[in-house]
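Report on the structure
Below are the chains, spelled out letter by letter.
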Amino acid sequence: MELKLAYRTLTKDPVLKKVISKTGKFTLSGKNEIYISLLHSIASQQLSSNAGDTIFGRFLDLFPARNPVPEKVLKCKPEVLRGCGLSVAKASYMQNIARFKMDGGLDLRKLKRLEDQELINHLTQVKGVGRWTAEMILMFTLNRPDVLPLDDVGIQNAIKILYNLEGRGKEIHHQMIEVAESWRPHRTLACRHLWRYSDVLKSGK
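As the structure is a prediction and not an experimental result, all values here were calculated from the model.

It is worth spelling out the confidence of the model for the chain at this point. Reading predicted coordinates in detail is not appropriate for stretches of low pLDDT. Here the chain averages 93 in pLDDT, while 96% of its residues score no lower than 70. Averaged pLDDT values over the elements of the chain bottom out at 88 in helix α13 (residues 187–203) and peak at 98 in helix α9 (residues 116–123).

Right, let's talk about the side chain of Thr 9 for a bit. Among the secondary structure elements, Thr 9 is positioned in helix α1 (residues 2–10). In this structure, Thr 9 is in contact with Ser 182, Trp 183, Arg 184 and His 186, ignoring residues within four places of it in sequence.

Burial analysis of helix α10 (residues 131–141) places eight of its eleven residues in the buried class, the great majority of the element. Phi turns positive one or two residues past the end of α10, at Asn 143, with a value near 60°.

Moving on, we come to the packing of helix α3 (residues 34–44) against helix α7 (residues 88–102). Where α3 contacts α7, the two axes come as close as 9 Å, and the packing angle between them is 170°. Between α3 and α7, the angle is such that the two are roughly antiparallel. On α7, the residues touching Tyr 35, Leu 38, Leu 39, Ile 42, Ala 43 and Ser 44 of α3 are Lys 90, Tyr 93, Met 94, Ile 97, Ala 98 and Lys 101. Considering only residue class, the contact of α3 with α7 consists of nine nonpolar, one polar and two charged.

Cut-offs and rules
Residues numbered from 1 in each chain as written. Predicted model: local features only at pLDDT ≥ 70, side-chain atom pairs only at ≥ 80, totals over all residues. Heavy atoms only, no water. pLDDT = per-residue confidence, 0-100. Helix = DSSP H or I, 4+ residues; strand = E, 2+ residues; numbered from the N terminus. Contact = heavy atoms within 4.5 Å. Buried < 20%, exposed > 50% of the residue type's maximum accessible area, 1.4 Å probe, protein only. Axes fitted to C-alpha atoms, helices over the stretch in contact; angles between N-to-C directions. Parallel < 35°, antiparallel > 145°, perpendicular 65-115°, else oblique. Nonpolar A, V, L, I, M, F, W, Y, C, P; charged D, E, K, R; others polar.

What follows is the structure, given as structure tokens:
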């Protein structure tokens, strides 16, 4: 029912209605595995999806049952982590996340009580976790419904093309917020359609 209500809201925007018609509807499900999702995000930063998945798979292979419990991640020597294909910085960031987990920073019960911005602020305490990474965790792991990642290039480009915008920097941020105002409180779902729309444009279909 909630998804039906979300689509009812989003399709009031005639531009987005055409996008949804072209890209097909989603079913949503959050994973709630914040720790694993953060590790995967770090491994995949600035890489293609396939390359990121390959490196993360090698990382998981270092641990019994492919379970990177924080204690074992912290005991890994940097050269071992780099042997998976991780850079020096990424290896350090992975261990930062493991330490944050050990210190109780990823307690799901506590995180669920935080508002979106509070949760972003909390996650970005960890060196290596930027705002974009935190927003992806909110959208795809915790299934938060109303996230608009202003710095995501794919979202920016899709909105520029669809709504004939030419802003840059803070100006495009303001324009995006204005365009997406009518999508509240379902901006996450709208963005998923915009990403899929971008893929359709790239494929030329």
